Amino acid sequence: MHKEEVTGGMHRDLRHDSAHKHVTGEADYIDDMPLPEGTLHMAAGLSDRAHADILSLDLSEVEATSGVVLVMTHKDIPGHNDIGPNHRDDEPLLAEKRIEFHGQMVFVVVAETREIARAAARKAKFTYHDLPHATDILDARALGYKNVTDPLTLKRGDAITALELAPRRIRGEMRIGGQEHFYLESHIALAIPGEDNEVIVWSSTQHPSEIQHMVANILQIPVHAVTVNTRRMGGGFGGKETQGNQFAALSALAAKRLKRAVKFRPDRDEDMMMTGKRHDFLAEYDVGFDDEGHILAVKTNYAARCGFSSDLSGPVTDRALFHADNAYYYPNVLLTSEPIKTNTVSNTAFRGFGGPQGLIGAERIIEEIGYAVGVDPLEIRKRNFYASEGDERCLTPYHQKVEDSIIHRIVEELEASSDYQARRKAIIAFNKSSKVIRKGIALTPVKFGISFTFTPFNQAGALVHIYQDGSVHLNHGGTEMGQGLYTKVAQVLADEFQIDIDQVMITATTTAKVPNTSATAASSGSDLNGMAAYDAARQIKDRLYSFAAERWQVPVADVHFLPNRVRIGTEEIPFPHFIKQAYMARVHLSAAGFYKTPKIHWDRARGQGRPFLYYAYGASVSEVSIDTLTGEYLLDRTDILHDVGKSLNPAIDKGQVEGAFVQGTGWLTTEELWWDDKGRLRTHAPSTYKIPLASDRPKIFKVDLAEWSENKEMTIGRSKAVGEPPFMLGVSVLEALSMAVASVADYCVCPRLDAPATPERVLMAVERMRAV
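The structure displayed is predicted, hence computed values, not measured ones. (Residues numbered from 1 in each chain as written. Predicted model: local features only at pLDDT ≥ 70, side-chain atom pairs only at ≥ 80, totals over all residues. Heavy atoms only, no water.)

**Quick look at the pattern of salt bridges**
For the coordinates displayed, the defined rule picks out 49 salt bridges. Between Arg538 and Asp542 there is a salt bridge, with its nearest N and O atoms 3.9 Å apart. Taken together, the residues span about one helical turn, with Arg538 and Asp542 both in helix H15 (residues 525–552) at a distance of four residues. For Arg538, a relative accessible area of 26% puts it in the partly exposed group. (Salt bridge = Lys/Arg side-chain N within 4 Å of Asp/Glu carboxyl O. Helix = DSSP H or I, 4+ residues; strand = E, 2+ residues; numbered from the N terminus. Buried < 20%, exposed > 50% of the residue type's maximum accessible area, 1.4 Å probe, protein only.)

Shown next, in the form of structure tokens:
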């Protein structure tokens, strides 16, 4: 009796392929791998100044330490001493003369054990000439620091004139804090030397191809000599897109020099000091509107703390501008970025990639207007949404037309299902009678563009083999960091060949199989790699169709792939038997698939184009309670309705939405980065940096996917990206806290609550409201 459906094709709930291994500890990470005989260990020698010139460096005690095999400085780098992803020659692998941030790597120690290497690294003796430093945007401006990369301007209409003519106008600014990635697995690399120039690097990275290029650059060898492998990461969130370069390059350099395997794993404190974070922003806004709250003009500057080098600050601040409108139409708009240099570690990619910072600026503007005209900010949101289709209210500040807006329906359905209006009335009534505890509620939308804004990154490859027994081997350029990408792409193949998911073998990402891959980032992992795998499967199937038609003398139209079997005319053959016969007939059962995103283009100089293939939408309602005497608060309830198109795997997608919301809430409430007056990051460990705990989730947490949604674009299975967009659903918590604070002054003024809204900031905002 035949199975009548494939267990694990597209659009089905299916557990993450490694979920049970995560729970039991069976999942192998790089630190779990058996080490080659004679493996050495590396530790970093870090600066203890924020900005200084090195006058002298004495490493004699370091080198004399028993068990130390090698000490390397910048002088030991055979290639170019730069690991910046933008090739601007501004990010040395090891500092030479100038120190640009506290914790910058100056040298490395290779020893028989990790403990010996770490202890030896602390014995270095520096003498410095200290220089003025800036760890904050305003301090950097005061010191005359320049931008680390070219700023961007987006404009449409005449914002300056429209602001002057607007019936009402508000100017303000908002501080938006950064965020530590806090992945469970820190950065790590294991380099194994091979013959001639060859080296194999196991790296916890979202971008194996970039690691490959950086190692080749530092070692001054061809790219083909470097193989980079990544089976899984213990979290990434963007922090492993470029930041793994330094660990991989140094491991490979030492391994080739010593002809022994070398492993480099910093501890948590070092990882947090040495690696980039989400960019802090200062959003300075000027908005003109009418008495009903319709936006007439917006002028906003987004200044970002970028750190000492460019890293990915250019595209991050660009994307902030791309999302500075969120879901709202601005008739006249002028948006500028200011990616300013600071004496801090270079900030980098983080889930949302600048989009959350831009979006939160838009929500502050909406909130300002709501309090100014005395209307629920939700009504202001609705009045300024992009049109559903057709009219001129569909054009973004970067001149892309919004053709797929479903935000009206998302918000309408969530407003009803969460009983928002009745709850808001009840909260207002509660606040009138409560002296200490105040409540707040907010409904906020999300519109997020999907695609890399650097157009060449919108490509992917996949390699698919079918073996003689009918089992399938899959490899693609995407990396697995816990988000379920491997499972989803395997589902694509199971669906296409109509076989059970356990017949598809998911293998480690490696540059030896799929070359020139893009980072697994920009929420595009499933879109790109799913389509590449589909292309490979279609190539093989086309050969199988031709084989079956010729072998059985039937039209191609009479060949059908059914669950675990193939129907050819009136005959049905089990899939493994069919594949065996195809092999015997010398049918090629392997294919390299490829996909590039269509329709997109972008002219940065003009600030115009179509950087995104489509948009993902969502909305959340959050209710909070605050203690006006202490500033402490509780997250009472959250309702979410999110758009993932026709979901490839609803179970995984729902989990992504839940996790993203909690992480976004942490960014906006408890996670605070703080540098002291000497430029030292003091929130560099779990004792001082507070990520959300399981107990911090909403007491009532309802998450639904918009099951009626289907991507209008030809994505894999008509699905939509899910990685980054739901992160911004956490904005509803900040807005709800703001409403609770505003109740102290009877909602007559916008509290201007900065992020993260720690209890201290909430308390200070309450005190400001009492003084109104």
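**With respect to the sheet that holds strand S21 (residues 559–562)**
Reading across the sheet, the three strands line up as S21-S22-S23 and stay open at both edges, with antiparallel pairing between neighbours. Both outer strands of the open sheet, S21 and strand S23 (571–574), are each paired with one neighbouring strand and no more. Averaged over all neighbouring strand pairs, the angle between strand axes comes to 20°, with direction disregarded. In the sheet, strand S22 (residues 565–568) pairs with S23 via four bridges, with the strands oriented antiparallel. Bridging from a neighbouring strand, Ile568 pairs with Glu571 of S23. Seen against the sheet, H15 touches S21, S22 and S23 and runs at an angle of roughly 125° to S21. (Pairing = 2+ DSSP bridges. Axes fitted to C-alpha atoms, helices over the stretch in contact; angles between N-to-C directions. Contact = heavy atoms within 4.5 Å.)

**Quick word on the packing of helix H10 (residues 355–373) against helix H11 (residues 377–384)**
Here H10 crosses H11 at 115°, and the two axes come no closer than 8 Å. The handedness of the crossing between H10 and H11 is right-handed. Contact residues: H10 offers Glu363, Ile366, Ile369, Gly370 and Val373, while H11 offers Pro377, Ile380 and Arg381. Its residues assigned to classes, the contact of H10 with H11 comprises five nonpolar, one polar and two charged. (Left-handed = near helix turned anticlockwise from the far one by under 90°. Nonpolar A, V, L, I, M, F, W, Y, C, P; charged D, E, K, R; others polar.)

**Some words on unusual backbone geometry**
Ala755 connects to Pro756 through a cis peptide bond whose omega is 5°. Tracing the sequence through the fold places Pro756 in the loop between helix H18 (731–742) and helix H19 (759–770). Phi is positive for Asn326, close to 45°, though the residue is something other than glycine. When you line up the elements, Asn326 lands in the loop between helix H9 (313–322) and strand S15 (333–340). With a phi angle near 150°, Ser451 is a residue other than glycine that sits in the positive phi range. Here Ser451 lies in the loop between strand S16 (437–450) and strand S17 (459–466).

**Re helix H7 (residues 245–258)**
At 3.6 residues per turn, the α-helix brings residues three or four places apart onto the same side. Here H7 is 14 residues long and its end C-alpha atoms lie 20 Å apart, about the 20 Å a rise of 1.5 Å per residue gives. If you check which residues of H7 are buried, you get Asn245, Gln246, Phe247, Ala248, Ala249, Leu250, Ser251, Ala252, Leu253, Ala254, Ala255 and Lys256. (Expected span 1.5 Å × (residues − 1).)

**Description of helix H12 (residues 407–417)**
Among the residues of H12, those classed as buried are Ile407, Ile410, Val411, Leu414 and Glu415. Down the axis of H12, the buried side of the element spans an arc of 125°, and every buried residue falls inside it. H12 presents Glu412, Ala416 and Ser417 as exposed residues on the side facing more than 90 degrees away from its buried surface. On the buried face of H12, the contacting elements are H11, helix H13 (420–433), S16, strand S27 (614–627) and strand S28 (633–642). (Arc of directions from axis to C-beta.)

**Quick word on the nonpolar core**
Ranked by size, the top nonpolar core spans 155 residues in total, and within it Leu493, Phe497, Leu544, Ile568 and Phe578 carry the most contacts. Counting residues per element, this core draws most heavily on H15, which supplies twelve residues. Contacts of Ile568, omitting those with residues within four sequence positions, involve Ala548, Trp552, Val554, Asp558, Val559, Ile573 and Phe578. One finds Val199, Ala225, Phe264 and Met274 within the second-largest nonpolar core, a separate group that totals 37 residues. (Core = buried A, V, L, I, M, F, W, Y, C linked by side-chain atoms within 4.5 Å.)

**Observations regarding the pairing of S17**
Within S17, seven of the eight residues are buried, which leaves the element mostly enclosed by the surrounding structure. The pairing of S17 with strand S24 (residues 590–596) spans seven bridges and is classified as antiparallel. Within S24, the residue paired with Val464 across the bridge is Ala591. As paired elements, S17 and strand S18 (residues 472–476) share five bridges and run antiparallel to each other. Of the residues in S18, the one forming a bridge with Leu463 is Asn475. The turn linking S17 back onto S18 is made up of five residues, and Gly470 within it adopts a positive phi angle of 90°.

Remember that the coordinates give geometry; whether it matters functionally is a separate question.
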